[in-house]
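Each chain, written out:
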Amino acid sequence: GEVSNPTQLFGPEAPPYGTPSRFENPQRSPTTDYPFATTTPQQDLYGIITPSGLHFAVNHGSPTPDINPQEHRLMIHGMVDRPLLFTVAEVKRLPSVTRVHFLACAGNSYVDSFARKNLPQSVQGTHGGTSCSEWTGVLLSVLLQEAGVQKGASWLLCEGAEWKKHSISIPLTKAMDDAMVAYAQNGEAVRRENGYPLRLLVPGFEGTRNVKWLRRIKVVDRPYMTKWETGVYTNLLPSGKARWFQFELEPNSVITRPSAGLRMAGHGFCEITGIAWSGGGAVR
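About the thresholds
- Throughout this document, residue positions are counted from 1 along each chain, in the order its sequence is written.
- Totals for whole chains, interfaces and linings use all residues, but because this is a predicted model, local features are given only for residues with pLDDT of at least 70 and pairs of side-chain atoms are given and counted only at 80 or more.
- Hydrogen atoms and water are omitted, and side-chain values are computed over all heavy atoms in the structure.
- Counted as salt bridges are all cases of a side-chain nitrogen of Lys or Arg within 4 Å of a carboxyl oxygen of Asp or Glu.
- Secondary structure elements are defined from DSSP: runs of H or I of at least 4 residues count as helices, runs of E of at least 2 residues count as strands, and each element is numbered from the N terminus.
- Stacked, tilted and edge-to-face are the three classes assigned to paired rings of Phe, Tyr and Trp, where Trp is represented by its six-membered ring and a pair needs centres within 6.5 Å; plane angles under 30 degrees give stacked, over 60 edge-to-face, the rest tilted.
- The buried label applies to any residue whose accessible area, calculated with a 1.4 Å probe on protein chains only, is under 20% of its type's maximum; exposed applies above 50%, and partly exposed to all values in between.
- Distance thresholds for patches are 9 Å for like charges and 5 Å for nonpolar side chains (Val, Leu, Ile, Met, Phe, Trp, Tyr), applied to residues having over 30% relative accessible area and no salt bridge.
- Working definition of accessibility: Shrake-Rupley area with a 1.4 Å probe, residue cover restricted to the visible protein chains.
- Here, strands pair whenever DSSP counts at least two bridges between them.
- In this description, a line fitted to the C-alpha atoms serves as the axis of each element, helices being fitted only across the stretch in contact, and the angle between N-to-C directions of two axes falls anywhere from 0 to 180 degrees.
- Only buried residues count toward a nonpolar core, which is a set of Ala, Val, Leu, Ile, Met, Phe, Trp, Tyr and Cys residues joined through side-chain atoms within 4.5 Å.
- Contacts were defined at the residue level, with two residues in contact if any of their heavy atoms lie within 4.5 Å.
- Here a cavity denotes a set of grid points, spaced 1 Å apart and computed over the protein atoms alone, in which a 1.4 Å probe fits but from which it cannot get out, and a pocket denotes an open set meeting protein on both sides within 12 Å along at least five of seven lines; residues with an atom within 4 Å of a point are reported as lining.
- Grid points are joined across faces, edges and corners, and a volume is the space filled by probe spheres set on the points.
- By the convention adopted, Pro, Cys, Tyr, Trp, Phe, Met, Ile, Leu, Val and Ala count as nonpolar, Lys, Arg, Asp and Glu as charged, and the other residues, Gly among them, as polar.

Undergrad: How do you make sense of the pattern of salt bridges when you look at a structure like this?
TA: Once their charged atoms are close, side chains differing in charge can pair, the charge on each being opposite to the other. Counted according to the given criterion, the structure contains eight salt bridges. In this structure, the salt-bridge partner of Glu159 is Arg215, at a minimum N-O distance of 2.3 Å. Within this pair, whereas Glu159 is found in strand 8 (residues 155-160), its partner Arg215 is found in strand 13 (residues 214-220), the two being separated by 56 residues in sequence. The network of salt bridges with common partners includes Glu159, Arg215 and Arg216.

Below is the structure:
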C-alpha cells in the first residue's frame, strides 16, 4: 500500500543534534577521589580522534564555568608595545589553522588512583587522561606579533577565567612556534569542559600548560613560579629533589583492545589495537 508520509520510509526523524545509537554507550567516568576530572573510555574508541563529548577534562579544583562568548575577552599585556583586548569575534576574524593534536594529563599513567573506585582494572582508569582532537584557532604567534613583543621577553604567564584562575608559565619560544588559541574542536565550538569559548593549545606539552577558558596572557621575562608548576606538576628524582618545568611529554602508548575489563569474543583471531603519542616527534 501507499505510505502517506514518505519520511517514515527512512525511520525516526533525525534529531537536531545527533546522538549515538541507543545500542552504543561509551561514557566518560567521573572520578570519585577527584571530583573535577573525567576520563576518556579508550577501550570503546576507534582510530585516533576522540569524540568531543568523550574528551577527558581536568579542572584543577574549579567548577566548569558557563561563559557567554559575547562577554568574554582575551587580554595580552606586559612586555608588549601595544596591550590588546580581543573579543572572541575578533579572534575568529584572524587567519586560522586547523591541526590534529593530542592532549594528555601529566598524571595520565597514575590517574587510576583517582578512578579506581569507579573503574578497577581498565584502560580508562590508567590512560583515560589522554585524548586527541582536530583543533581550529589562531596561532599564538599571530596574536603576539599584533601586540609587539619587547626585547628581553622570554616567558608568558597564561591565565584562565574559571573560579580559581588557573595560571601557569610557558616559554616564549614555544609560544612563537606552534602554540595556538583554539575556539573549535572537531568541527564545532570547543566544548564547555574543554575551555569554551577560547583555550590555549600547547602541542606536546603536559595538559596543565594548555590553559582553558583563556582570559589573559602576560608577556614577561621569567617564569612566575605558580603553585601548579612548582608544587604540583613536578617530577620527583631519586635524589629527593624535584625537577621543575619538564614541559614535553615523553613517548607513551597503551593497548586499548583486548584490555583489562573486556571479555574476549571467543577462540580464533583477535585484532590488537592501541594508541601511541609523543610530545617531541612523530610516532612510527
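Undergrad: How do you make sense of unusual backbone geometry when you look at a structure like this?
TA: The phi angle of most residues is negative, glycine excepted, and most peptide bonds adopt the trans form. With an omega of 10 degrees, the peptide bond running from Tyr196 to Pro197 counts as cis. Looking at the secondary structure, you find Pro197 in the loop between strand 11 (188-189) and strand 12 (199-201). Positive phi, close to 55 degrees, is recorded for Asn186, a residue that is not glycine. Checked against the element boundaries, Asn186 lands in the loop between strand 10 (180-185) and strand 11.

Undergrad: What is the right way to read the packing of aromatic side chains from this model?
TA: What the rule picks out here adds up to six aromatic pairs. A ring pair is formed by Trp155 and Phe245, whose centres lie 5.5 Å apart and whose planes are at 55 degrees; its orientation type is tilted. Of this pair, Trp155 sits in strand 8 while Phe245 sits in the loop between strand 15 (242-243) and strand 16 (252-257), and the two are 90 residues apart along the sequence. We classify Phe245 as buried; its relative accessible area is 18%. Summarising the aromatic geometry, the rings of Trp155 and Phe247 are spaced 6.1 Å apart at their centres and angled 50 degrees between planes, so their arrangement reads as tilted.

Undergrad: When you look at a nonpolar patch on the surface in this model, what are you seeing that I'm missing?
TA: Taken together, the side chains of Ile48, Ile49 and Val100 define a hydrophobic patch exposed on the protein surface, amounting to about 260 Å² of accessible area. Along the chain, Ile48 falls in the loop between strand 2 (37-39) and strand 3 (57-58).

Undergrad: Explain the sheet that holds strand 8 to me, please; I cannot follow it from the model alone.
TA: Strand pairing in a sheet relies on backbone hydrogen bonds, with the paired strands running either antiparallel or parallel. Across the sheet, which stays open at both edges, the five strands sit in the order 5-4-13-8-9 with mixed pairing between neighbours. Edge positions in the sheet fall to strand 5 (84-87) and strand 9 (167-171), since each has one partner strand and no second. Sheet twist, expressed as the average angle between the axes of neighbouring strands with direction ignored, equals 20 degrees.

Undergrad: Before we go on, may I ask you to explain the nonpolar core in this structure?
TA: Nonpolar side chains tend to gather and get buried jointly when the protein is soluble and globular. Grouped together as the largest cluster of nonpolar side chains are 36 residues, with contacts concentrated most on Leu140 and Leu156. For this core, the secondary structure elements donating two or more residues are strand 4 (73-78), helix 1 (88-93), helix 4 (140-147), strand 8, strand 9, helix 5 (172-175), strand 10 and strand 13. Once you skip the residues sitting within four places of it in the chain, Leu156 turns out to touch Leu140, Leu144, Ile168, Ser169, Ile170, Leu172, Ala175, Ile217, Lys218, Val219 and Val220.

Undergrad: Please explain empty space enclosed by the protein as it appears in this structure.
TA: Using a probe with the size of a water molecule, rolled over the atoms, empty space left in the structure can be pinpointed. Across all of its chains, the model carries one cavity of 30 Å³ or more by this definition. Along its surface, the largest cavity is lined by 20 residues, and Val58, His60, Arg199, Gly207 and Lys212 are the ones closest to its centre. Along the lines of polarity and charge, the residues of the lining of the largest cavity split into nine nonpolar, eight polar and three charged.

Undergrad: For this particular structure, what's the right way to read the sheet that holds strand 1 (residues 29-30)?
TA: Pairing within the open sheet is antiparallel, and its three strands lie in the order 1-2-3. The sheet is open, and its two edges are formed by strand 1 and strand 3, each paired on a single side. Sheet analysis places strand 2 next to strand 3, joined by two bridges and oriented antiparallel. Paired with Thr38 across the strands is Ala57, a residue of strand 3.

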